[in-house]
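# Report on the structure
These are the residues of each chain, in order.
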Amino acid sequence: MQAIQILIDGFAISSLYAIGAIGFTLMFGVSGVLNLSHGAIMVVSAVAAWAVAGALPVGPFGGALAGVVTGVVFAYATYLLVVRPIQTSRTIPGEEKEIFVLTGTLIWGIMLAEAVAYFFTNNPKTVLPLISGVVMIFGERTPSNKIMTAVIAWAVIGLLWLLVNRTKAGKTLMAAAINPRALTLLGYELSHIYLLVWGIYGVLVGLAGVLLGAFLGVSSDNVGTLTASAFSIVVLGGLGSVSGSLIAAYVVGYLETFTAYLIAPSIRTVPVLLLLVAVVYIRPQGLMGRR
Amino acid sequence: MKEISHSKRRATLLASVLAGALALPLAAQAADPIKIGVIAETSAISGVAIPNGAKLAAEEINKAGGINGRMIEIVEYDDHNSAADAVRAFQRAGNQDKVVAVIASYVSEVVLALQPWSARMKLPMITPGAASDVITQRVHDDYANQKYVFHGYLASTQIADAVCEAGKDILVTQMKVKTAVVMSEDAAWTVPLDEEYLKCLSGIGIKVVDHIRLSPDTTDFTPIFNKVEGLKPDVIVTGISHVGVQPTVQWQQQQVPMAMFGVSSQASSSTFWKDTNGAAEGVVFNMVSAPDVASTPKTIPFAQAYEKKYGITPGYAGYTAYDDVYMYADAIKRAGSTEPDKLVAAMEKTDWVGTIGRIQFLGQDSKFTHGMKIGPGFVSGLMVQWQGGKTVTVWPADAATGKLRFPANIKLGN
């Protein structure tokens, strides 16, 4: 029975990790930006979904939609207010820009977290579950919302796959990831591609935040952990590799669930960190990294 | 003649200006406010209730003329739930802002870090919400140095006893509970709490089948609840304060069939219902005062004034912080001074009916030196339950405003 519990719980949490991490890795792959305000935007989106669903008669789906829109708005705000000014700056030397982007997004994330704590307190908020109730899976009582979380996550991953592999815009995205210079030589405007990738990122991060908020609840105190968890998954999978992140999300999700069930819930993240150290030693490019 | 009168007049003018200049600071001193420092984590529900409650009390005292004509000024510091920030705030409060006394924090770890500074700087301090037994233990063991510290909330052991006393009636008699799992967060305040839980639960005939200490960083409680469910206890006895919303929501979403009963500090504010989207339904928790129970004639007027001013009902430390300002004011009035030793001596003689009950501090003969007297006629516990968006007091019978009611999925003992 415990095996089934681990299987179900691990799958749900891993799917959730996957959409958060895929956004993070896609962003790095296409535009070279490691966005350290990732966790903050997730929390802002979840809190927005909670606040809108609480204040307006829009129901759980209306709230969730508001959360995703908030994710997109804050993703663009991050790009236009923090990342782009650094990238286009003439005073910051080119080789230091990456460090500036890291620091800039980190500070921006802290500002967002503090703002959430100031306006909404650091008490955790929970987003209304999209569907309520429980279903029995092999005799295990499972919240329907947990299944819904996994279904939505996989639907979004599927859509993303279609977008990247079957549309022109998606193919340009991949091209930008592989060789941005060649793309500009072919007459593509890189800044348009960046706007597209930040938009996709916003949807993914907003959705990840909303689903997390409905699944476990979020607080402004979680911002650092959420960024760190996305970062470890992406490093484990190989920076910039979408399929690597997908696999890594499941490795991390299941490893955590195993630990929580079979050893102790209080050390749930420890084995993942050990694994991360091992990967960095033995295979620094990550599971699927190209280098 | 004319000359003389002119110079005379000038001299008089000069003299009066000089006298005025000298008198000015004297007059200012008489009207100088008496400053009380408030150190708390203002982004937390339980934390923000501390400055809010204190400010409300100061406003009322000032409106009624202050302390012998001197106004009370509350100086606020946000410690971000960090002991280091709190210590810096405490030093600043004493050395720069010249506060005469401090009201500090609901987190035991923070209060324990401030305690040596209170002793070193001889700056009286009271905590409206921390619970660790070690606070009063230190005063008891090293009275000469530590006497500046007062405990304005129940010690963990006393809280556990209050929960067990209510449990005898609610759990054993009404719900026919025979077994329990104790589930507490890993923190300084729950060490003595759990120790006493294990003792007093078996004392009322409940068998504790497991004792879980969870990390306050836990976000996914599914494995914990699954484990608890596997043990098939009749009830979960809680000791949680840093966590609250998340376990409650997951308990409801998973439809864990056992009631949660005990301490759940986050549940003590009205925002809890909204934060959990109503998952709080059925949660039973301990409080020393509730917005709907007239523990004293002051409780309900305070809760109403607080809600009117801040839009939410006070978290548990709001009641005590409000009382603390009044007790300091009363002690300063009786001592006729803000001098630390005189203030402490006056505080020890406190006999104040506040919002949580009649408050007197225990002496050196008790192991809870400078803790509050607990029991009927003084401060005693209530059990409160979330029902349909409202908190309803369900115990003791003479204070109850409603009957115990659980969601359908909760199986009661049999």
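Each value, and the rule that gives it
- Residues numbered from 1 in each chain as written.
- Chains lettered and ligands numbered in written order.
- Predicted model: local features only at pLDDT ≥ 70, side-chain atom pairs only at ≥ 80, totals over all residues.
- Buried ≥ 20, exposed ≤ 12 C-beta atoms within 10 Å, placed from the backbone.
- Helix = DSSP H or I, 4+ residues; strand = E, 2+ residues; numbered from the N terminus.
- Contact = placed C-beta atoms within 7 Å.
- Pairing = 2+ DSSP bridges.
- Axes fitted to C-alpha atoms, helices over the stretch in contact; angles between N-to-C directions.
- Right-handed = clockwise from strand over helix to strand, strands pointing away.
- Domains from an automatic or database assignment.
- Expected span 1.5 Å × (residues − 1).
- pLDDT = per-residue confidence, 0-100.
- Parallel < 35°, antiparallel > 145°, perpendicular 65-115°, else oblique.
- Left-handed = near helix turned anticlockwise from the far one by under 90°.
- Nonpolar A, V, L, I, M, F, W, Y, C, P; charged D, E, K, R; others polar.
- Core = buried A, V, L, I, M, F, W, Y, C linked by C-beta atoms within 7 Å.

Here we come to helix α9 (residues 222-231) of chain B. Residues of α9(B) that are buried: Thr222(B), Pro223(B), Ile224(B), Phe225(B), Asn226(B) and Val228(B). Residues of α9(B) that are buried sit in contact with α1 (2-31) and α10 (242-263) of chain A together with β6 (179-185), β7 (207-214), β8 (235-240) and α10 (245-253) of chain B. A positive phi of about 50 degrees marks Lys232(B), the residue just after α9(B).

We now examine the sheet that holds strand β13 (residues 382-387) of chain B. Residue and element names in this part refer to chain B. Strand order in the open sheet formed by 7 strands is β7-β6-β8-β9-β10-β13-β14, and the pairing between neighbours is mixed. Here the strands that pair on one side only, and so sit at the sheet edges, are β7 and β14 (390-395). Neighbouring strand axes in the sheet, compared pairwise and without regard to direction, differ in orientation by 25 degrees on average. Of the strand pairs in this sheet, strand β10 (residues 284-287) and β13 are connected by 4 bridges, and their pairing is antiparallel. For Met287, the partnering residue across the bridge sits in β13 and is Leu382. Contacts between α9 and the sheet are confined to β6, β7 and β8, with β7 contributing the most and set at about 170 degrees to the helix.

Residues and elements named next belong to chain B. Among the 7 residues that make up β6, 6 are buried, leaving the element largely enclosed by the rest of the structure. Here β6 pairs with β7 via 7 bridges, running parallel. Bridged to Ala180 within β7 is Val208. Since β6 and β7 lie parallel, the crossover through helix α8 (residues 190-203) that links them has a hand, and here it is right-handed. As paired strands, β6 and β8 are joined by 5 bridges and run parallel to one another. For Val181, the partnering residue across the bridge sits in β8 and is Ile236.

With that settled, consider the domain arrangement of chain B. Note on interface size: it is often stated as the accessible area lost on association of the parts. Residues and elements named next belong to chain B. By the assigned domains, chain B splits into domain 1 (32-154 + 296-359) and domain 2 (157-287 + 381-395). Inter-centroid distance (C-alpha atoms) of domain 1 to domain 2 is 28 Å. Listed by partner, the interface residues are 14 residues for domain 1 and 14 residues for domain 2. Sorting the residues of the side of domain 1 that touches domain 2 by element identifies α2 (45-63) and α4 (108-121) as the ones contributing at least two each.

Owing to its 3.6 residues per turn, the α-helix aligns residues three or four sequence positions apart on the same side. All names here are of chain B. Compared with the 20 Å implied by 1.5 Å per residue over 14 residues, the 19 Å span of α8 between its first and last C-alpha is a close match. For α8, the set of buried residues is Thr190, Pro192, Leu193, Asp194, Glu196, Tyr197 and Leu201. Check the buried side of α8 and you find it contacts α7 (156-174), β6, β7 and β8. Positive backbone phi, approximately 90 degrees, marks Gly205, located one or two places after α8.

Attention now goes to the confidence of the model for chain A. Residues at a pLDDT of 70 or more form 99% of chain A, whose mean pLDDT is 90. Mean pLDDT across the elements of chain A bottoms out in strand β2 (residues 140-143) of chain A (84) and peaks in helix α3 (residues 59-87) of chain A (95).

Another aspect to go through is the packing of helix α9 (residues 223-237) of chain A against helix α11 (residues 270-282) of chain A. Residues and elements named next belong to chain A. Closest axis-to-axis distance for the α9/α11 pair is 10 Å, and the angle between their directions is 40 degrees. Here α9 is positioned oblique relative to α11, judged by the angle of their axes. For the pair α9 and α11, the sense of crossing is left-handed. Contact with α9, carried on its side by Ser232, Val235 and Leu236, involves Val272, Leu276 and Val279 of α11 and no other residues of that element. Of the residues that constitute the contact of α9 with α11, the class distribution is 5 nonpolar, 1 polar and no charged.

Of the residues lining the interface, 26 residues belong to chain B; the matching set on chain A comes to 25 residues. Among the secondary structure elements, those contributing two or more residues to the side of chain B that touches chain A are α2, α9, α10 and α11 (271-275) of chain B. Here the residues of the side of chain B that touches chain A are counted per class, giving 8 nonpolar, 14 polar and 4 charged.

Let us look at the nonpolar core. Membership of the largest hydrophobic core comes to 128 residues, with the highest contact counts inside it found for Ile36(B), Val38(B), Ala54(B), Val102(B) and Val325(B). Listed in part, the 84 residues of the second largest apolar core include Leu16(A), Val82(A), Phe120(A) and Ala230(A).

Residues and elements named next belong to chain B. α8 packs onto α7 with a crossing angle of 30 degrees between their chain directions and a minimal axis gap of 8 Å. The orientation of α7 relative to α8 falls into the category roughly parallel. The two elements α7 and α8 cross, and the hand of that crossing is right-handed. Mapping the contact onto sequence places Ser156, Thr157, Ile159, Ala160, Asp161 and Cys164 in α7 and Thr190, Pro192, Leu193, Glu196, Tyr197, Cys200, Leu201 and Gly203 in α8.

Residues and elements named next belong to chain B. Within the open sheet, the 5 strands sit side by side as β2-β1-β3-β4-β5. Their pairing is parallel. This sheet does not close on itself; its edge strands, each paired only once, are β2 (72-78) and β5 (149-151). Here the strands of the sheet are splayed against their neighbours by 20 degrees on average, with no regard to which way each runs. Where strand β1 (residues 34-40) and β2 come together, 7 bridges link them in parallel fashion. Residue pairing across strands places Gly37 opposite Val75, the latter belonging to β2. Relative to β2, α2 is tilted by about 170 degrees, and along the sheet it contacts β1, β2 and β3 (101-104).

What follows deals with the environment of Pro51(B). Residue and element names in this part refer to chain B. Its place among the elements puts Pro51 in helix α2. Taking the C-alpha atoms as reference, Pro51 lies 7.4 Å from Ala321; in sequence the two are 270 residues apart. Apart from residues lying up to four places away in sequence, Pro51 is in contact with Val38, Ala40, Thr42, Ile74 and Glu76.

Let us look at the pairing of β2(A). Residues and elements named next belong to chain A. Summarising the sheet, strand β1 (residues 134-137) and β2 pair through 4 bridges and their orientation is antiparallel. Across the sheet, Val134 pairs through a bridge with Pro143, a residue of β2. Once β1 ends, the chain turns through 2 residues before running back antiparallel as β2, passing Phe138 with a positive phi of about 45 degrees.

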